Amino acid sequence: MDMETKCLHSGYTPKNGDPRVVPIVQSTTYVYDSTDEIAGVFDDPTKSIIYSRFANPTVMAVEAKVADMEGGVGAMATSSGQAANLLAILNLCAAGDSFIATPSVYGGTLNLFNITLRRLGIECIFVDEEASEEEIQTAFKPNTKAVFGETLANPALTVFDIEKFAKIAHANGVPLIVDNTFATPVLCRPFEWGADIVTHSTSKYMDGHALQCGGMIVDSGKFDYTNGKFPEFTEPDESYHGIVYTDKYADAPYITKARMQLMRDFGCYPAAHSAFLLNLGLETLPVRMRQYCDNAMQVATFLDAADGIASVTYPGLPGDRYHQLAEKYLPDGASGVISFVVEGGRPQAVKFMDSLKLASNEVHVADIRTCVLHPASATHRQLTDEQLVAAGIDGGMIRLSVGLESVHDIIEDLKRGLAAL
């Protein structure tokens, strides 16, 4: 099926007399006819559902839909994008391990990797996304268990060279994790370029309406965890009666382990109603992504020629440094997010934003409504000046999330901001 069809029909097929729309199963518990049946599910939770801390029929329908959209063998929803990235790493790394990531990732992810995971004994080794294969290779250690990058970095809008990093990761026997939040599977499907695991903050374009937080981990099912570097996949799991994931769940050991171990213990699963709302957003995602990209291209072109703007970052622009990679990985558009720098630094950026009337000044992105954010004051506020530079954040930078309003009205609002400078 094509993407438009998958977004409407994947994950849920009603039988005779069933509801046409995915129903909300508002229950934490599920009934069984015997004690032995419950015991059997505890031995193998993939047999059925026992508790909505890590599985629910409404959420499972959306998980199956997103897995199909990305071309994976399975998916697991989480309560936020942060939770998705946390569990994606913890499913591979333990204290004493390391993983590699690019420094231009979202500020919240950067803090998670650089501060919180370090406190847990997991080292994040940062490498420049534009580094050569030889330079990246020197960052690997014997305890390195994964490589991580964002298809489109938030808000630096660097384009991750998925194929290059997949090649290097696989040469070192580790999987590549790609956060595909800004691109969504409508614009890019990282598995087709060699990625092994995909994560999403579904709070963004997938939801699209700023209604609920959520995340998703998708497993390609292609990585070989029996290569000797991942004993937790190939040796008996004492917490599940000695199950060996690569033996019992050979087609999808990664996502099965994530659910059986980590979701069981962390419990960061979304509510059924949240999944219901996410599904509504997914049904219109292809239509919305086309309009986001079209509006953003017109807005980026306007800003690129405007006085008072020091620079514009949008991979769809022919002059952008990542345009060539965007043409490769994002041929149908580079999303609706634009980063631009106002001349005069932080004071002028704040003045510009506070003069806007249509665009909302808010801590969100990828909404149906146009919104702006000052990263240095908000999402990346916790970073040092050196870290801001490494993440591609200038004091005058504004992240503009172009919505679905009339593009004429959006540009008129930006002209109002420029006139205030």
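Residues numbered from 1 in each chain as written. Predicted model: local features only at pLDDT ≥ 70, side-chain atom pairs only at ≥ 80, totals over all residues. Heavy atoms only, no water.

### Side note on the packing of helix 4 (residues 81–90) against helix 11 (residues 253–266)
Link 1 in the chain: One way to put it is that helix 4 packs onto helix 11 with a least axis distance of 10 Å and a crossing angle of 115°. As the angle between them shows, helix 4 and helix 11 are arranged roughly perpendicular. Crossing handedness for the pair helix 4 and helix 11: right-handed. Between helix 4, through L87, A88 and L90, and helix 11, the contact on the second element is made entirely by Y254, L262, M263 and F266.
Link 2 in the chain: Taken together, the residues that form the contact of helix 4 with helix 11 break down as 7 nonpolar, no polar and no charged. (Axes fitted to C-alpha atoms, helices over the stretch in contact; angles between N-to-C directions. Helix = DSSP H or I, 4+ residues; strand = E, 2+ residues; numbered from the N terminus. Parallel < 35°, antiparallel > 145°, perpendicular 65-115°, else oblique. Left-handed = near helix turned anticlockwise from the far one by under 90°. Contact = heavy atoms within 4.5 Å. Nonpolar A, V, L, I, M, F, W, Y, C, P; charged D, E, K, R; others polar.)

### Points about the nonpolar core
Link 1 in the chain: Core analysis: the biggest nonpolar cluster contains 105 residues, and L92, F99, F113, L117, L176, I217 and L330 have the highest contact counts within it.
Link 2 in the chain: Among the elements that make up this core, the one with the highest residue count is helix 4 (7 residues).
Link 3 in the chain: Here this core spans two domains, and each of domain 1 (1–271) and domain 2 (285–418) adds at least three residues to it.
Link 4 in the chain: Beyond its immediate stretch of four places on either side in the chain, F113 contacts I89, F99, A101, R118, C124, F126 and F148.
Link 5 in the chain: In this structure, A300, L317, A349 and F352 belong to the second largest nonpolar core, which totals 27 residues. (Core = buried A, V, L, I, M, F, W, Y, C linked by side-chain atoms within 4.5 Å. Buried < 20%, exposed > 50% of the residue type's maximum accessible area, 1.4 Å probe, protein only. Domains from an automatic or database assignment.)

### Side note on the UniProt feature "modified residue: N6-(pyridoxal phosphate)lysine" (unreviewed entry) in the protein chain
Link 1 in the chain: The UniProt record marks K204 with the feature "modified residue: N6-(pyridoxal phosphate)lysine" (unreviewed entry), using the residue numbering of this structure.
Link 2 in the chain: Residue placement: K204 occurs in the loop between strand 6 (197–201) and strand 7 (215–219).
Link 3 in the chain: A polar contact of 2.8 Å, which involves the side chain of K204, links it to the side chain of S201. (UniProt positions renumbered as here; feature names shortened; annotations may be inferred. Polar contact = N/O pair within 3.5 Å; in protein donor to acceptor, adjacent residues only side chain to side chain.)

### Let's talk about the sheet that holds strand 6
Link 1 in the chain: Reading across from one edge, 1-7-6-5-4-2-3 is the order of the 7 strands in this open sheet, with mixed pairing throughout. Both edges of this open sheet fall to strand 1 (74–78) and strand 3 (123–126), since each of them pairs with a single strand only. Adjacent strand axes in the sheet meet at a mean angle of 20° when their direction is disregarded.
Link 2 in the chain: Bridge count for strand 6 against strand 7 is 5 bridges, and the pairing is antiparallel. Looking at the pairing, T199 lines up with I217 of strand 7.
Link 3 in the chain: Contacting strand 2 (98–101), strand 3 and strand 4 (144–150), helix 5 (residues 107–119) crosses the sheet at an angle of about 135° to strand 3. (Pairing = 2+ DSSP bridges.)

### Details of the domain arrangement of the protein chain
Link 1 in the chain: Segmentation of the protein chain into domains returns domain 1 (1–271) and domain 2 (285–418).
Link 2 in the chain: For domain 1 versus domain 2, the separation of C-alpha centres amounts to 28 Å.
Link 3 in the chain: Across the domain 1/domain 2 interface, buried area totals approximately 3300 Å², and carbon plus sulfur atoms make up 66% of it.
Link 4 in the chain: Linking domain 1 with domain 2 are 3 salt bridges.
Link 5 in the chain: In this structure, R321 engages E130 in a salt bridge whose closest nitrogen and oxygen atoms are separated by 2.6 Å.
Link 6 in the chain: There are 13 residue pairs in polar contact (both at pLDDT 80 or more) connecting domain 1 and domain 2.
Link 7 in the chain: Sorting the residues of the side of domain 1 that touches domain 2 by element identifies helix 1 (3–9), helix 5, helix 7 (162–171) and helix 8 (184–187) as the ones contributing at least two each.
Link 8 in the chain: For the side of domain 1 that touches domain 2, the element with the most residues is helix 5, which contributes 5 residues.
Link 9 in the chain: Among the residues making up the side of domain 1 that touches domain 2, the classes are represented as 23 nonpolar, 12 polar and 8 charged. (Buried area = accessible area lost by both parts, 1.4 Å probe. Salt bridge = Lys/Arg side-chain N within 4 Å of Asp/Glu carboxyl O.)

### What about unusual backbone geometry?
Link 1 in the chain: In this model, N154 is joined to P155 through a cis peptide bond whose omega is 5°.
Link 2 in the chain: Checked against the element boundaries, P155 lands in the loop between strand 4 and helix 7.
Link 3 in the chain: If you check the backbone angles, L157 has positive phi at about 60° while not being a glycine.
Link 4 in the chain: Inspection of the secondary structure assignment puts L157 in the loop between strand 4 and helix 7.
Link 5 in the chain: Classification of L157 by relative accessible area gives buried; the value is 0%.
Link 6 in the chain: Non-glycine residue A210 carries a positive phi angle of around 55°.
Link 7 in the chain: Considering the arrangement of structural elements, one finds A210 in the loop between strand 6 and strand 7.

### Some points on the environment of K141
Link 1 in the chain: Within the secondary structure layout, K141 lies in the loop between helix 6 (133–137) and strand 4.
Link 2 in the chain: Each C-alpha atom of the pair K141 and I125 lies 9.5 Å from the other, and the pair is 16 residues apart in sequence.
Link 3 in the chain: Within the local environment of K141, its side chain forms a polar contact with the side chain of E123, the two groups lying 2.8 Å apart.

### Here's the deal with the sheet that holds strand 10 (residues 360–361)
Link 1 in the chain: Spatially, 5 strands are ordered 8-9-12-11-10 in an open sheet, and the strand pairing comes out mixed. Since the sheet does not close on itself, it has two edges, and those belong to strand 8 (309–313) and strand 10, each with one partner.
Link 2 in the chain: Across 5 bridges, strand 9 (residues 337–342) lies against strand 12 (residues 397–401) in antiparallel orientation. Paired with I338 across the strands is L400, a residue of strand 12.
Link 3 in the chain: Docked against the sheet, helix 15 (residues 345–354) engages strand 9, strand 10, strand 11 (371–373) and strand 12, running at close to 125° with respect to strand 9.

### Considerations on the packing of aromatic side chains
Link 1 in the chain: All chains considered together, the criterion is met by 15 aromatic pairs.
Link 2 in the chain: Judged by centre distance (4.7 Å) and plane angle (55°), the rings of Y205 and Y292 are tilted. Here Y205 is found in the loop between strand 6 and strand 7, whereas its partner Y292 is found in helix 13 (residues 285–305), with 87 residues between them in sequence. The pair Y205 / Y292 is uniform in exposure class, with both members buried.
Link 3 in the chain: For the ring pair Y225 and F230, a centre distance of 5.5 Å and an interplane angle of 80° mean the geometry is edge-to-face. Comparing Y225 with F230 shows no difference in burial state: the two are buried. (Phe/Tyr/Trp six-rings, centres within 6.5 Å; stacked < 30°, edge-to-face > 60°.)

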